[in-house]
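Inside the fold
These are the residues of each chain, in order.
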Amino acid sequence: MTVSVFDYEGELLACAQGDRSAFHALYHQEAGAMRALALAMLGDEALADTVLLEAFTLIWHNAAGYSAGIGTARAWIYSILRYRALDHQRQLRAQGNTSAEQLPLPTLSLHPERPSGAVRHVLASLPAPQLDALLYAYLHGGNAARIADQLDRSEPDIDASIETVLTHIDEAVHA
C-alpha cells in the first residue's frame, strides 16, 4: 500500500506564485479539519464558514510570506485560522456574547500506546485538568483568570497546568 504525503510547503510556494490548482489542493486537503476547528472554537456553523473563508483568503494573499523558519506550512495555515477565530471571539465578547466559551471542550481520542508522534503522545498522557486548560487556552485564548473562571479552577492552577504541558511538549519535540 502506498501512502501519499501531502506537500504543504510546496503547495504554499506554488500559491505564492499564483498557482490556483495548488490553492485548490491545499483547500481540499485541509478545509474539513479547519472548519471543524473553527466550529469547535466558535460554536456557530455560519461563523465557522466565515472564518474558514477569511483564513483561506489570507492564505492565498499571504502565501509568499510563509517561511519554513517560523514553523511548518501546515502549522502556519492553522495559525491563520486560529487567529481569525480568536478575533471573532473577541468581537463576540465585546458585544456581550460569550456562548463560544460555554461550549464543552472536545474529547480527543488519543492513545499513548499508539506511535503517532511526540506531541500526540504527550497530549495522550496528560491528566484531564492539564489537557482541559490547554484546550481551553488554544480554542478560546485569553488569560489565565478567564480560563480559571470558565473551568472553575484557580488562576495559579491554570498557569501551572499550561506551563507544565508546554514544558512536556517542548521536551518531547526536542528529545
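Look above for the structure.
Structural notes, computed from the coordinates. Since this is a predicted model, take the numbers as computed values, not measurements. (Residues numbered from 1 in each chain as written. Predicted model: local features only at pLDDT ≥ 70, side-chain atom pairs only at ≥ 80, totals over all residues. Heavy atoms only, no water.)

A word on the nonpolar core. Ranked by size, the top nonpolar core spans 32 residues in total, and within it Leu12, Met34, Phe56, Ile59, Ile77 and Leu81 carry the most contacts. Taken together, the elements giving at least two residues each to this core come down to helix H1 (8-16), helix H2 (20-42), helix H3 (45-62) and helix H4 (73-94). Every residue in contact with isoleucine 77, bar those within four places of it in the chain, is listed here: Leu12, Leu26, Glu30, Met34 and Ile59. (Core = buried A, V, L, I, M, F, W, Y, C linked by side-chain atoms within 4.5 Å. Buried < 20%, exposed > 50% of the residue type's maximum accessible area, 1.4 Å probe, protein only. Helix = DSSP H or I, 4+ residues; strand = E, 2+ residues; numbered from the N terminus. Contact = heavy atoms within 4.5 Å.)

For aspartate 152, which is not glycine, the phi torsion reads 55° and is therefore positive. Counting through the fold element by element, aspartate 152 comes out in the loop between helix H7 (144-151) and helix H8 (155-173). Look at aspartate 152 and you get exposed, because its relative accessible area is 72%.

This part covers the packing of aromatic side chains. Tallying each qualifying case throughout the model produces five aromatic pairs. For the ring pair tyrosine 27 and phenylalanine 56, a centre distance of 4.9 Å and an interplane angle of 65° mean the geometry is edge-to-face. Of this pair, tyrosine 27 sits in helix H2 while phenylalanine 56 sits in helix H3, placing them 29 residues apart in sequence. With a relative accessible area of 33%, tyrosine 27 lands in the partly exposed category. A relative accessible area of 3% places phenylalanine 56 in the buried class. The side chain of arginine 82 reaches across the aromatic face of tyrosine 83, ending 5.6 Å from its centre. Sitting over the face of the ring of tyrosine 138, arginine 82 holds its NZ or CZ atom 4.6 Å from the ring centroid. (Phe/Tyr/Trp six-rings, centres within 6.5 Å; stacked < 30°, edge-to-face > 60°. Lys NZ or Arg CZ within 6 Å of the ring centre and 35° of its normal.)

What H7 keeps buried is the set Ala144, Ile147 and Ala148. Along the long axis of H7, the arc covered by the buried residues comes to 100°, so they all point the same way. Where H7 begins, the side chain of asparagine 143 points an oxygen toward the backbone nitrogen of alanine 145, at a separation of 3.2 Å. One or two residues past the end of H7 sits aspartate 152, with phi positive at roughly 55°. (Arc of directions from axis to C-beta. Polar contact = N/O pair within 3.5 Å; in protein donor to acceptor, adjacent residues only side chain to side chain.)

Moving on, we get to the environment of histidine 121. Turning to its location among the elements, histidine 121 is positioned in helix H5 (residues 118-125). Histidine 121 sits in the partly exposed class, given a relative accessible area of 39%. In sequence terms histidine 121 and isoleucine 169 are 48 residues apart; their C-alpha atoms lie 9.1 Å from each other.

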